[in-house]
Amino acid sequence: MNAGSGARHAEEAVSDDIAHTLQLWLNLPKEKKFSKPYYQNVYSEATPTIEIDRGFVKIFAGQIGNIVGPLQSMVPITIAEANLEEGACYQHQLPVTHQAFVYVLSSELEIGDERTVLKKHDVATLTMTDQVSLSHDNCSIVARSRRVKLLIYSGEPIKETIVPYGPFVMNSEEEIKEAYHDYRTGKFGPAAKS
């Protein structure tokens, strides 16, 4: 979802189904903060997959190798989900201009030249060294147990001042005040009905 120039939204549970939700909020560059809001569903079963030895990687956004994910973002990002069996090794290539982090959804793995151990719910940043300087048979990620699942996110740094307050992220306190004024005067649309 791109909230852009103002979108009211709420997350609701899916009836008679199990939903696992992770949210990642991206700040937009100043020139895109007032872009038109939009929403896009991306379904796991319709996401392109790269098969690797003892695992697979789903590409949700951006380009990895010659595979392009279906998510359309306002800013350059990649989102991938790696699923690895014990002993699998995987070398993830990131765009050169991106900063990145991983979030472990299940099991345990080793990552980077330092062989840092990450377990379920751990987060780690990736550096250029992690993707260029290789070790352990050309692997930057090694699964230490069964059914390792991790998310790999990357994006280009914006390098702008941010001012977060309540539900808004802007570039100055004056812009925050203006966003609250716009919200109160109905510029974000009518209140949601319950």
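Note: the structure precedes this text.
This report concerns the structure included in the present document. Bear in mind the structure is a predicted one, so any value in this text is a computation, not a measurement.

The rules behind these values
Counting of residues starts from 1 at the beginning of each chain's written sequence and follows it residue by residue. Local features in a predicted model are, by the rule used here, given only for residues with pLDDT of at least 70; side-chain atom pairs are given and counted only at 80 or more, and totals for whole chains, interfaces and linings are based on all residues. The side-chain numbers reported here are obtained from all heavy atoms of the structure, hydrogens and water having been left aside. To qualify as a nonpolar core, a set must consist of buried Ala, Val, Leu, Ile, Met, Phe, Trp, Tyr and Cys residues joined through side-chain atoms within 4.5 Å. Burial classes: relative accessible area under 20% of the type maximum marks a residue as buried, over 50% as exposed, and values in between as partly exposed (1.4 Å probe, protein chains only). For this analysis, residues touch if any pair of their heavy atoms sits within 4.5 Å. Each helix corresponds to a stretch of at least 4 residues labelled H or I by DSSP, and each strand to a stretch of at least 2 residues labelled E; elements are numbered beginning at the N terminus.

1. So, the nonpolar core
- Core analysis: the biggest nonpolar cluster contains 22 residues, and L84, V102, L109, I141, L150 and I152 have the highest contact counts within it.
- Ignoring any residue separated from it by four or fewer positions in sequence, one finds V102 in contact with I111, L118, D122, V123, A124, L126, L150, L151 and I152.
- Counting eight residues, the second largest nonpolar core, distinct from the first, contains L28, A61, V75 and I79.

2. A word on the environment of L105
- Relative to the helices and strands, L105 is located in strand β7 (residues 99-106).
- Here the alpha-carbon distance between L105 and L151, two residues 46 residues apart in the chain, equals 7.2 Å.
- Once you skip the residues sitting within four places of it in the chain, L105 turns out to touch L22, K120, K149, L150 and L151.

3. Thoughts on unusual backbone geometry
- At S107, a residue that is not glycine, the phi angle is positive and equals roughly 70°.
- Considering the arrangement of structural elements, one finds S107 in the loop between β7 and β8 (108-111).
- The exposure class assigned to S107 is partly exposed, which follows from its relative accessible area of 24%.
- Positive phi, normally seen in glycine, also occurs at H121, with a value near 75°.
- If you trace the backbone, H121 turns up in the loop between β9 (116-119) and β10 (123-126).
- Judged by relative accessible area, H121 falls into the partly exposed class, the value being 49%.

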